[in-house]
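Spelled out from the first residue to the last, the chains are:
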Amino acid sequence: MEFKVTTSLNFRSMPKVDPANRIATLPQRHLVSKLQEASEDPSWWRVRADVDGHAVEGYVKASFLAPVASAPVALLVNKLDAVHHRVKKPETITRMSATGRVSPLGEPGQPVRTGQQPAQKVNELGAIIQWLRVDQSARYLPEPDVTYCNIYAYDYCYLAGVYIPRVWWNTTAIKDLLDGKPVTPAYLKTYQELNANALFLWFREFGPTFGWRRVMSLDALQDLANQGSVCIISAIARNKERSGHISPVAAEVPGQSALRKDGHVVQPLQSQAGRTNFMHGTYKAPWWSADNMEDFGFFAHD
């Protein structure tokens, strides 16, 4: 049976208080599994707990535990798979909330892309952009020193049914997964949040595993977006203490077009969160190849 810790609690190797037997400190609301009562003193329980991504057995005082009727189950994974940060009440993660940005949206009735034909996919992606309302939703509005391009791109792809990470496995977890070892998804233990810089590196290293392919021209990128593919421009900043940028490319429709010169796309039609948020627009110059960007790529997913 699962129990939660009611206050910060010492986790010990033996069922007694001794400075030498403390394994770790379990924070409030940490989950443990009861194994048995200690034969020496039933007020101590032998439990299993996750400690920095490892399943560890030890002892705690039962009086500091409370039963959890429906504790969330952390499913073990044993391959390099998509990972999302889940919460008990996903419906609380909304466009209009400035909290919970690490988790996927959970609002009832949110639009998705399920179509098979290009026209249907274009319409569904357009509906996602309209619904997200990046120019008005609190989830994406810029703050004085923070912007949320990665959050918006993640939400757009999530609703479109393709994967880019908001959180991703850490180095140790990746090694274990590639070795076929089981890993328990755990925030800041086996996975962590990614910013725009890290997303570019993820596209380059892991994108093909999840169906992304590199596109080598803006003409091809815009054409794929016009056919209902999910298309992304991603760039990494030269100064790693500054954020890069990531922007979805939208399909052209009447009244909303890419910028062309001599018949070639020089600015795809984009939808972005950043210092300025807009559902559809173009820039005067290619932001991805500006002096402050070290590298960039165009990526598409059918």
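The structure we're discussing is the one just above.
Everything numeric here is computed off the predicted structure, so don't read it as measured data.

Asker: Quick rundown of the environment of W212? Include the residues and the values.
Answerer: As for its position among the elements, W212 is in the loop between α4 (196-206) and β10 (213-215). Measuring from C-alpha to C-alpha, the distance between W212 and A173 comes to 22 Å, with 39 residues separating the pair along the chain. Among all residues touching W212, those that are not within four sequence positions of it are C157, V162, Y163, I164, W202, F203, G207, V230, I232, F299, A300 and H301. Here the side chain of W212 touches Y163 through a polar contact of 2.8 Å, landing on its backbone oxygen.

Asker: Which residues make up the layout of surface pockets, and what values do they have?
Answerer: Empty space within the second largest pocket amounts to approximately 500 Å³. The wall of the second largest pocket is formed by 21 residues, among which T147, R242, S243, G244 and N292 lie closest to the centre.

Asker: Please set out the side chain of S271 residue by residue, giving values where relevant.
Answerer: Locating S271 in the fold gives a position in strand β15 (residues 270-272). Other than its neighbours up to four places away in sequence, S271 contacts I129, Y152, S247, P248, F278 and M279.

Asker: Describe in detail the side chain of N197, supporting the description with residues and values.
Answerer: Among the structural elements, N197 can be located in helix α4. A polar contact is formed between the side chain of N197 and the backbone oxygen of R242, at a distance of 2.8 Å. For N197, the side chain forms a polar contact with the main-chain nitrogen of G244, separated by 3.0 Å.

Asker: Describe unusual backbone geometry, with residues and values.
Answerer: A positive phi angle, close to 65 degrees, is found at L188, a residue other than glycine. Inspection of the secondary structure assignment puts L188 in the loop between α3 (171-178) and β9 (191-193). Given a relative accessible area of 63%, L188 falls into the exposed group. The backbone of D262 sits at a positive phi, close to 55 degrees, despite the residue not being glycine. The residue D262 is located in the loop between β13 (259-261) and β14 (264-267) in this model.

About the thresholds
Residues numbered from 1 in each chain as written. Predicted model: local features only at pLDDT ≥ 70, side-chain atom pairs only at ≥ 80, totals over all residues. Heavy atoms only, no water. Helix = DSSP H or I, 4+ residues; strand = E, 2+ residues; numbered from the N terminus. Contact = heavy atoms within 4.5 Å. Polar contact = N/O pair within 3.5 Å; in protein donor to acceptor, adjacent residues only side chain to side chain. 1 Å grid on protein atoms, 1.4 Å probe; cavity = no way out; pocket = protein on both sides within 12 Å on 5 of 7 lines; lining within 4 Å. Points joined across faces, edges and corners; volume = space filled by probe spheres on them. Buried < 20%, exposed > 50% of the residue type's maximum accessible area, 1.4 Å probe, protein only.

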